Amino acid sequence: PRGANAGWNEGLITYIMAAASPTNGIPKEVYTQGWARNGAMVLKRSFYGYEINLSPDYGGPLFWIHYSHLGINPNGLTDQYANYWQEHVNTVRIHVAYAVSNPLQFENYSNKCWGLTASDDPYGYTAHQPVSNDNGTISPTAALASMPYAPEDALRALKYFYRERGKDIFGKFGPYDAFNDELGWVKRAYIGIDQGPIVVMIENFRTGLLWNSVMVDGDVRAGLAKLGFQTTDIASVPFRPEELKIYPNPAREETTIDLSGFEEPVLIRIYSGDGKLIRVIEPSGISGSYRLDCGSLTGNMYFIEVSDRRRSGQAKLIKLKQ
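Cut-offs applied
Sequence order sets the numbering: in each chain, residues are counted from 1 along the sequence as written. Residue-level local features of this predicted model are given only where pLDDT is at least 70; pairs of side-chain atoms are given and counted only at 80 or more, and the full residue set underlies all totals for whole chains, interfaces and linings. Hydrogens are left out, water is left out, and the side-chain values use all remaining heavy atoms of the structure. A run of DSSP states H or I qualifies as a helix once it reaches four residues; a run of E qualifies as a strand once it reaches two. Both are numbered from the N-terminal end. With a 1.4 Å probe rolled over the protein chains alone, any residue whose accessible area is under 20% of its type maximum counts as buried; one over 50% counts as exposed, and the rest are partly exposed. Here, residues are in contact when the closest pair of their heavy atoms is within 4.5 Å. The protein chains shown are the only cover counted for residues, whose accessible areas, like all others here, come from Shrake-Rupley with a 1.4 Å probe. Positive charges come from Lys and Arg, negative ones from Asp and Glu, while His and the chain ends are left out of the count. One atom stands in for each charge, and that atom is NZ of Lys, CZ of Arg, CG of Asp or CD of Glu. Here an axis means a line fitted to C-alpha atoms, over the contact stretch when the element is a helix, while the angle between two N-to-C directions is reported on a 0 to 180 degree scale. When an angle is under 35 degrees it counts as roughly parallel; over 145 it counts as roughly antiparallel; between 65 and 115 it counts as roughly perpendicular; any other value is oblique. Each residue gets one of three labels, nonpolar for Ala, Val, Leu, Ile, Met, Phe, Trp, Tyr, Cys and Pro, charged for Asp, Glu, Lys and Arg, and polar for the others, Gly among them. A 3.5 Å cut-off defines polar contacts: any pair of N or O atoms within that distance qualifies, except that in protein one atom must be a possible hydrogen donor and the other a possible acceptor, and neighbouring residues in sequence count only when both atoms are side-chain atoms. To estimate how far a helix should reach, multiply one less than its number of residues by 1.5 Å. Pairing between strands is defined by DSSP: at least two bridges between the two strands are required.

1. Remarks on the overall build of the protein
Here comes step 1: On a plain count of helices and strands, the protein comes out with nine helices and 16 strands.
Here comes step 2: C-alpha atoms of the protein, sized along the principal axes, occupy 65 × 50 × 35 Å.
Here comes step 3: Taken across its 322 residues, the protein has 50% of its residues classed as buried.
Here comes step 4: Contacts in the protein between residues at least 24 apart in sequence constitute 62% of all its contacts with a sequence separation of at least 6.
Here comes step 5: Element-wise, carbon and sulfur atoms account for 50% of the exposed surface of the protein, whose accessible area totals about 14,800 Å².
Here comes step 6: Placing the 31 positive and 34 negative side-chain charges of the protein at their respective mean positions leaves the two points 4 Å apart.

Shown next, in the form of C-alpha cells:
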C-alpha cells in the first residue's frame with residue numbers, strides 16, 4: 001500500500017480497529033508491511049531541538065496526531081517504531097516554535113497565535129503544515145485539540161483566540177474554522193471534524209473520559225497487542241478529578257499538597273483565580289507530599305491541579321495576606 005494507506009498520517013486508527021475485530025481481524029503483516037512499510041516509515045529528524053520519528057518534516061498537519069487519538073490514548077503507548085506520546089508532544093512543540101520563528105513572515109504568528117492543520121482557507125480547503133503548505137491560515141482546532149500534548153501552549157492560544165480575538169473569530173458554536181490575518185480573512189463557518197476534536201481532546205486533558213472509555217475495551221486492547229503496541233494500564237483512571245487535599249488551607253507562607261497515591265512523573269499546576277496558568281512544578285523524589293512555598297503568591301485565591309499518568313486531583317487554595 002502507498003499514499004494514504006501507509007504511515008504516517010491519521011489512518012492509524014483504521015489499522016487498530018481492523019486488527020481489533022474478533023471475527024475478521026487483519027493479520028499483523030498488513031500493518032507492518034503496509035502501514036509501517038517494514039519500518040521504513042521511521043525517519044529520525046530534529047527541528048527546533050525537538051526530535052520526531054514518524055511525522056513529515058516540521059510535523060505535518062496537526063490533525064494527524066489528533067484523529068486516531070481521540071480514543072486511543074497515546075500516553076504510555078509505544079511500539080518498535082515510536083513512543084507516541086513523545087512523538088506527538090514534540091510535534092506540537094515544533095509547530096509552536098515554527099510560529100514563533102515565523103520564517104515566512106506571516107501576520108500575527110506567535111506563541112499564542114499558532115496552529116496549522118486541515119481546514120478552510122482563502123483559496124478553498126487544504127492541509128496546512130509548516131513550510132511546505134503554509135499560506136498564513138491559522139486553524140483554531142490545531143492548537144485547541146493539542147491541549148493534552150502542550151497544555152500551556154494550547155491554553156495560551158485559547159485565551160488569545162477568545163479574549164483578544166473573540167469578536168472576530170468566535171461565534172455561537174465556538175471558534176470559526178480558520179482565519180488568515182495576512183489577508184484579513186475569516187471563515188465564519190463550523191466544520192464538525194474540526195470542532196469535534198476540540199471538545200474531545202479538552203475532555204481527555206481534563207479527565208481522560210474518552211481515552212478511558214475506549215482503552216478499557218477488550219477488543220481494542222487485543223487489537224493493539226496484536227499489532228505490537230505496549231500500553232499503560234489506565235483502567236483505574238477516574239473519569240473526574242479527585243478532590244485534592246491541601247493543608248493548611250487557607251495558607252499564609254507555606255502549605256502541603258497531599259500526593260498520596262500519585263506516582264512519578266507528577267505535574268503540579270497552579271492557576272490564578274481567573275484561570276491563568278502561573279506555575280508548573282515537576283517534583284522529583286516525591287514522598288507522599290509536596291511543600292509549596294506561598295510567598296510569591298500575591299493573590300487571594302488559586303486553583304491547584306496535580307496529575308500523573310493514572311489520576312488527577314484538583315483543589316482551591318486560599319492565600320492569606322502576610
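2. Some thoughts on the packing of helix α1 (residues 12-20) against helix α9 (residues 218-226)
Here comes step 1: With their axes 7 Å apart at the nearest point, α1 and α9 run at an angle of 105° to one another. What the angle tells us is that α1 and α9 run roughly perpendicular. Touching Ile16, Met17, Ala19 and Ala20 of α1 are Asp219, Val220, Gly223, Leu224 and Lys226, all from α9.
Here comes step 2: Here the contact of α1 with α9 is composed, by residue class, of six nonpolar, one polar and two charged.

3. Re the side chain of Ser110
Here comes step 1: One can find Ser110 in the loop between α3 (84-101) and β3 (118-121).
Here comes step 2: Of the polar contacts made by the side chain of Ser110, one reaches the backbone nitrogen of Lys112; its length is 3.2 Å.
Here comes step 3: Setting aside anything within four residues of it in sequence, one finds Ser110 in contact with Ala99 and Val100.

4. Some words on the environment of Glu107
Here comes step 1: Within the secondary structure, Glu107 sits in the loop between α3 and β3.
Here comes step 2: Owing to a relative accessible area of 43%, Glu107 belongs among the partly exposed residues under this scheme.
Here comes step 3: It is 5.0 Å that separates the C-alpha atoms of Glu107 and Glu182, two residues lying 75 residues apart in sequence.
Here comes step 4: Apart from residues no more than four positions distant in its own chain, Glu107 is found in contact with Asp181 and Glu182.

5. Side note on helix α7 (residues 192-206)
Here comes step 1: With 15 residues, α7 extends 21 Å from end C-alpha to end C-alpha; this agrees with the ideal 21 Å at 1.5 Å per step.
Here comes step 2: Every buried residue of α7 is accounted for by Asp194, Gln195, Pro197, Ile198, Met201 and Asn204.
Here comes step 3: On its buried face, α7 sits against β3, α4 (140-144), β6 (174-175) and α8 (209-215).
Here comes step 4: Directly after α7, the chain includes Gly208, whose backbone phi takes a positive value near 75°.

6. Topic: the pairing of strand β12 (residues 267-272)
Here comes step 1: Among the six residues of β12, five are classified as buried, and the element is accordingly described as predominantly covered.
Here comes step 2: Bridging between β12 and strand β15 (residues 301-307) involves six bridges; their strand directions are antiparallel. Bridge assignment links Arg269 to a residue of β15, and that residue is Glu305.
Here comes step 3: As defined by bridge partners, β12 adjoins strand β13 (residues 277-281) across four bridges and the pair is classed as antiparallel. Paired with Arg269 across the two strands is Val280, which belongs to β13.
Here comes step 4: Counting the residues between successive antiparallel strands, the hairpin from β12 to β13 contains four residues, one of them, Gly275, with a positive phi of roughly 90°.

7. Concerning the pairing of β3
Here comes step 1: Pairing geometry for β3 and strand β4 (residues 124-127), over four bridges, is antiparallel. Within β4, the residue paired with Asp120 across the bridge is Tyr125.
Here comes step 2: The antiparallel hairpin formed by β3 and β4 contains two residues in its connecting segment.

8. What to know about the environment of Thr231
Here comes step 1: With respect to the secondary-structure elements, Thr231 resides in the loop between α9 and β9 (242-243).
Here comes step 2: For Thr231, a relative accessible area of 31% puts it in the partly exposed group.
Here comes step 3: Residues Thr231 and Val30 lie 201 residues apart in sequence; the distance between their C-alpha atoms is 21 Å.
Here comes step 4: For Thr231, the contacting residues outside a window of four places in its chain are Gly76, Leu77, Met215, Arg221 and Leu224.

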